[in-house]
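Below, each chain spelled out in residue letters.
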Amino acid sequence: MNVFSSRRRQVAGLLAASAILLPYSALAEDGVSDSQILLGQTVGVTGQIAGPVKEMMAGANAYLAKTNAGGGVHGRKIELITLDDQFDPVLAGKNAEQLIRKERVFALFQSRGTPHTQAILPLLAEHKIPLVAPSTGAAIFHQPVNRYLFNVRAMYQTEVKKAVEHFSMTGLKEIALAHVDDTFGKDGLAGFQEIMQKQGLKPSAVLSYDRAKPDVPKVIQALQGANAKALVVIGSTVTTAEIINGLRKSGNAMQIMTLSNNASQSFIDSLGNNAPGIMVSQIMPAPFSITTSLGQEFKQAAKEYKLPESYAAMEGYVSAKLMVEGLRRAGRGLTRDGLVRALEGIKKHDLGGILIQYSDKDHTGSEFVELTLIGRDKRFIR
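Residues numbered from 1 in each chain as written. Predicted model: local features only at pLDDT ≥ 70, side-chain atom pairs only at ≥ 80, totals over all residues. Heavy atoms only, no water.

Caption draft 1: Quick peek at the packing of aromatic side chains. Counting across every chain of the model gives six aromatic pairs. Residues Tyr63 and Tyr317 carry aromatic rings whose centres are separated by 5.1 Å and whose planes lie at 85° to one another, so their mutual orientation is edge-to-face. Note that Tyr63 is positioned in helix H1 (residues 50-69) and Tyr317 in helix H10 (residues 311-330), a separation of 254 residues in sequence. Like Tyr63, the residue Tyr317 is buried in the burial classification. For the ring pair Phe298 and Tyr317, a centre distance of 5.5 Å and an interplane angle of 85° mean the geometry is edge-to-face. Here Tyr317 lies in helix H10 and Phe298 lies in helix H9 (residues 293-305), a separation of 19 residues in the sequence. For Phe298, a relative accessible area of 0% translates into the label buried. Looking at Tyr317, the relative accessible area reads 0%, which means it is buried. Of the aromatic side chains, those joined through ring pairs into one cluster are Tyr63, Phe298 and Tyr317. Just above the ring of Phe87 sits the side chain of Arg211; from NZ or CZ to the centre is 5.9 Å. (Phe/Tyr/Trp six-rings, centres within 6.5 Å; stacked < 30°, edge-to-face > 60°. Helix = DSSP H or I, 4+ residues; strand = E, 2+ residues; numbered from the N terminus. Buried < 20%, exposed > 50% of the residue type's maximum accessible area, 1.4 Å probe, protein only. Lys NZ or Arg CZ within 6 Å of the ring centre and 35° of its normal.)

Take a look at the structure:
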């Protein structure tokens, strides 16, 4: 396992009788001291999604560094320990347990992947520890509301529905779906089936493939015989790129769309000359636009911290900004329960171009979704 922040918080074991002599922070939650707030993260720094994960991490780390440079939150600097789960759900669960039990982090931040985040859920309830900004849009993390999980990105099903509506509106009614056979893919499938029925359309094909060992040639062969004019692909960056490249190599020119988990420069690079014309849904404002204060702020951060100007980096940046906002609202006497209540008190808060809203009955955060196209210059076009 890779630990990207090695500093450990020292835990003082003092008698309760002498507690009145201690500073407040010594009596506070795990991960909180007079000078520090310790957060934990498990993501696939290596493996199938390493490219977009590193862009996302760069955005988050830039905002945290900016916050620390400005004095931190109520005088405390934020430290983030990141463990590599290699995009393995089992390892993600083990990493989260290590972060909570051994590293004694105050809160968890921005996991990546649907089954990976599912593996963490039991630990949230057991330890009453918040997870802020998981990078997954699966509906199971929205309903029923989990008191300790706070989403920032919109749901995958909303992305899929927007794509099918666009295809139908432009006359592309022969639509196929290729999805990974896990909870991420099945979540997208549910949204696809719902919107296709609502539009009165019958799928040209619905194909699934194994997450760990996808049979890409089989998927491509099935799509070749499906007579589809449009395709939605739900999967990781590597497999999605392999499907798209395989279809284009075989001469198939159907319109292809994939979800925001592939909204990274590394995904575009993996497509090579097949990138232009591919649609990608986005759940963050454009990182290259300076029409909003968030865009201007991100542009400056990208220059200062050498960030890739990608949607993945913007997601990390926005997620860290939301985490810091919650910590600030929770006050100097920081507790996990206080952070939960502070986040639930956020009502239509504008982060500079994206609205975030929570309550005790809704932890969705944002419903922002828009479709983009990869242009000839291999950049996203709104």
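Caption draft 2: Representation of the pairing of strand S10 (residues 279-282) in the model. Side chains Met279 and Ser281 project from S10 onto one buried face, and the interleaved Val280 and Gln282 project onto a second face that is buried too. Pairing analysis gives two bridges linking strand S9 (residues 255-258) to S10, with the strands arranged parallel. The residue of S10 that forms the bridge with Thr258 is Val280. In terms of handedness, the path from S9 via helix H8 (residues 265-271) over to S10 forms a crossover that is right-handed. (Pairing = 2+ DSSP bridges. Right-handed = clockwise from strand over helix to strand, strands pointing away.)

Caption draft 3: Spatial organisation of the side chain of Glu370. You can see Glu370 is positioned in strand S14 (residues 370-374). For Glu370, a relative accessible area of 16% puts it in the buried group. Within polar-contact distance, the side chain of Glu370 engages the side chain of Arg382 at 3.2 Å. Among all residues touching Glu370, those that are not within four sequence positions of it are Lys162, Val280, Ser281, Gln282, Tyr311 and Arg382. (Polar contact = N/O pair within 3.5 Å; in protein donor to acceptor, adjacent residues only side chain to side chain. Contact = heavy atoms within 4.5 Å.)

Caption draft 4: Highlighting the pattern of salt bridges. Here the structure, examined in full by the defined rule, presents 17 salt bridges. Residue Arg104 is joined to Asp30 by a salt bridge in which the shortest nitrogen-to-oxygen separation is 3.2 Å. Taken together, the residues span a long stretch of sequence, with Arg104 in the loop between helix H2 (89-101) and strand S3 (107-109) and Asp30 in the segment before strand S1 (36-43) at a distance of 74 residues. Overall, Asp30 belongs to the partly exposed group, its relative accessible area being 24%. Where Asp360 meets Lys361, a salt bridge forms, and the shortest distance between an N and an O atom there is 3.7 Å. Lys361 carries the same exposure label as Asp360, and that label is exposed. In the salt-bridge network here, residues are joined through shared partners; they are Lys66, Glu297 and Lys321. (Salt bridge = Lys/Arg side-chain N within 4 Å of Asp/Glu carboxyl O.)

Caption draft 5: Just the packing of helix H4 (residues 156-169) against helix H5 (residues 183-199), in detail. Contact geometry for H4 and H5: axes closest at 8 Å, N-to-C directions at 40°. What the angle tells us is that H4 and H5 run oblique. With respect to the hand of their crossing, H4 and H5 are arranged in right-handed fashion. Where H4 abuts H5, its residues Tyr156, Gln157, Val160, Lys161, Val164, Glu165 and Ser168 lie against Phe184, Asp187, Gly188, Ala190, Gly191, Phe192, Glu194, Ile195, Met196 and Gln199. In terms of residue class, the contact of H4 with H5 is made up of eight nonpolar, five polar and four charged. (Axes fitted to C-alpha atoms, helices over the stretch in contact; angles between N-to-C directions. Parallel < 35°, antiparallel > 145°, perpendicular 65-115°, else oblique. Left-handed = near helix turned anticlockwise from the far one by under 90°. Nonpolar A, V, L, I, M, F, W, Y, C, P; charged D, E, K, R; others polar.)

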